[in-house]
Structures are given as C-alpha cells and as structure tokens.
Amino acid sequence: MKNLFTHLVVCSVLAFFASAGFCGEVEINGDNIEYSVDGKKVIVTGNVVINHLDVVLTSDYAEFTQATNTAYAKGHVVITNPQTEMTSDELTYDFTKKTILTPPAKINAPPFVITGRNLERRENGRVVILNGTYTTSDYDDPEYHWAASKVTYDPTTSILAAR
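Further remarks concern the overall build of the chain. Scanning the chain from N- to C-terminus turns up one helix and 12 strands. For the chain, the residues scored as buried account for 38% of the 163 residues in total. For the chain, the share of sequence-separated contacts (at least 6 apart) that also reach a separation of at least 24 residues comes to 27%. When the accessible surface of the chain is split by element, carbon and sulfur atoms take 52% of a total near 9,000 Å².

Written out as structure tokens, the structure is:
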C-alpha cells in the first residue's frame, strides 16, 4: 500500500511539473514526500533521488521550488551526470540554467579530483571553483596537489585551467 501511495505522489509531482511548463521530465523519490500547494514546493526527506535529463541528485533532504525551478539539497549530497560526480554537504541546483552553487565540494572527473569552496557549474557546463585544489591522485588525502585561487574545468574537453 505504501508503494502505491508513493507512486501516486510521484505521479502527482510529475503532473505538477508538466503543468507548470517545467522543461524536461523530473522524477522525485524519497522516503517522505510533501507537496505545498500554496508555496508550490516539494519537500523530500530520506533517501532522496531526483532525476532530470542526464542529471541524478541524491541526498538526505531536498526542497524543490517551482517558482525558481531550483532544488536545495543537504546531507550526503551527490550529483552526477555522464562526465562528472560531485559530492557536497549541501548545494542548490537550478534546473533551468543547469547550474550548481555549493559550499565546499569535491568533484571526481577522471583523471582529476577537484576540491574547493564556492563551486559553481555554469550554463555552458564548465565548473568554476574558487580557492581550490586539484590532483590526479586517487587517495582521499593525496600525496600531491596544486592549489589555485580559481580553477575552471570543462568536462566536455577534460581541460583544466588554474590561476
């Protein structure tokens, strides 16, 4: 019965996004899903999974706001697409612009591992990290890394630039 209820809630959420003119189908799953009609907001807790086009976002908690087409996620946040995987304690994802704003985060983009603060994924797909480090080491505590005030990574070409 719980699975049927969850399925109905997910279908209702999908219908909500479709009627709102949301670009591309989004699927939201979690242990608990609440929808605020007044606030036009979906709040999801426990084992959150949000799928949109080629992006998958997982976390412990997420809020999707229809007015801004953004999701705020926190707790063991992982966001992936075909080129990269990013982990963070929290982030905000803009589904329209396909941009990510986050406090300190780590990106696994083989062969690079990039960490830093104020990480932003731009509309063109490039990732800009301020006060970042990058390495090709696979260790959690790498034996070497480079530090830069600004690191720009283009996942389509695997080109990394730093200054």
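Counting across every chain of the model gives three salt bridges. With a closest N to O distance of 3.9 Å, Asp 140 and Lys 106 form a salt bridge. Linking Asp 140 in the loop between strand S10 (127-135) and strand S11 (146-154) with Lys 106 in strand S8 (residues 105-109), this pair joins segments that are 34 residues apart in sequence. A relative accessible area of 73% means that Asp 140 is categorised as exposed.

Below, the discussion takes up the pairing of strand S3 (residues 41-52). Bridge analysis of strand S1 (residues 26-29) against S3 gives four bridges, and the strand direction is antiparallel. Across the sheet, residue Ile 28 finds its bridge partner in S3, namely Ile 50. Between the antiparallel neighbours strand S2 (residues 32-36) and S3 lie four residues, among them Lys 40 with a positive phi of about 50 degrees. By the bridge criterion, 10 bridges tie S3 to strand S4 (residues 55-65) in an arrangement that is antiparallel. Within S4, the residue paired with Thr 45 across the bridge is Tyr 61. With antiparallel pairing between neighbouring strands as the criterion, S3 and S4 make up a hairpin whose turn holds two residues, including Leu 53 at a positive phi of roughly 50 degrees.

This part covers the packing of aromatic side chains. Per the stated rule, a full pass over the model turns up five aromatic pairs. Residues Tyr 144 and Trp 146 carry aromatic rings whose centres are separated by 5.7 Å and whose planes lie at 75 degrees to one another, so their mutual orientation is edge-to-face. Judged by relative accessible area, Trp 146 falls into the partly exposed class, the value being 44%. Put simply, the rings of Phe 64, Tyr 93 and Phe 95 touch in pairs and so form one group of aromatic residues. Stacked on the ring of Tyr 61, the Lys or Arg Lys 74 has its end atom at 5.3 Å from the ring centre.

Tracing the chain through its elements places Ile 50 in strand S3. Look at Ile 50 and you get buried, because its relative accessible area is 3%. Placed 14 residues apart in sequence, Ile 50 and Phe 64 show a C-alpha to C-alpha distance of 9.8 Å. In contact with Ile 50, not counting residues within four places along its chain, are Val 26, Glu 27, Ile 28, Val 55, Val 56, Leu 57, Ala 62, Ala 71 and Phe 95.

This part takes up the environment of Thr 92. Position of Thr 92 among the secondary structure elements: in strand S6 (residues 85-94). The exposure class assigned to Thr 92 is partly exposed, which follows from its relative accessible area of 30%. For the pair Thr 92 and Thr 70, spaced 22 residues apart in sequence, the C-alpha separation works out to 6.7 Å. Beyond its immediate sequence surroundings of up to four residues, Thr 92 is in contact with Thr 70, Ala 71, Tyr 72, Thr 99, Ile 100 and Leu 101.

Definitions and cut-offs
- Residues numbered from 1 in each chain as written.
- Predicted model: local features only at pLDDT ≥ 70, side-chain atom pairs only at ≥ 80, totals over all residues.
- Heavy atoms only, no water.
- Helix = DSSP H or I, 4+ residues; strand = E, 2+ residues; numbered from the N terminus.
- Buried < 20%, exposed > 50% of the residue type's maximum accessible area, 1.4 Å probe, protein only.
- Contact = heavy atoms within 4.5 Å.
- Areas by Shrake-Rupley, 256 points an atom, 1.4 Å probe, with all protein chains shown as cover.
- Salt bridge = Lys/Arg side-chain N within 4 Å of Asp/Glu carboxyl O.
- Pairing = 2+ DSSP bridges.
- Phe/Tyr/Trp six-rings, centres within 6.5 Å; stacked < 30°, edge-to-face > 60°.
- Lys NZ or Arg CZ within 6 Å of the ring centre and 35° of its normal.

The values reported here are purely geometric and, on their own, carry no functional implication.
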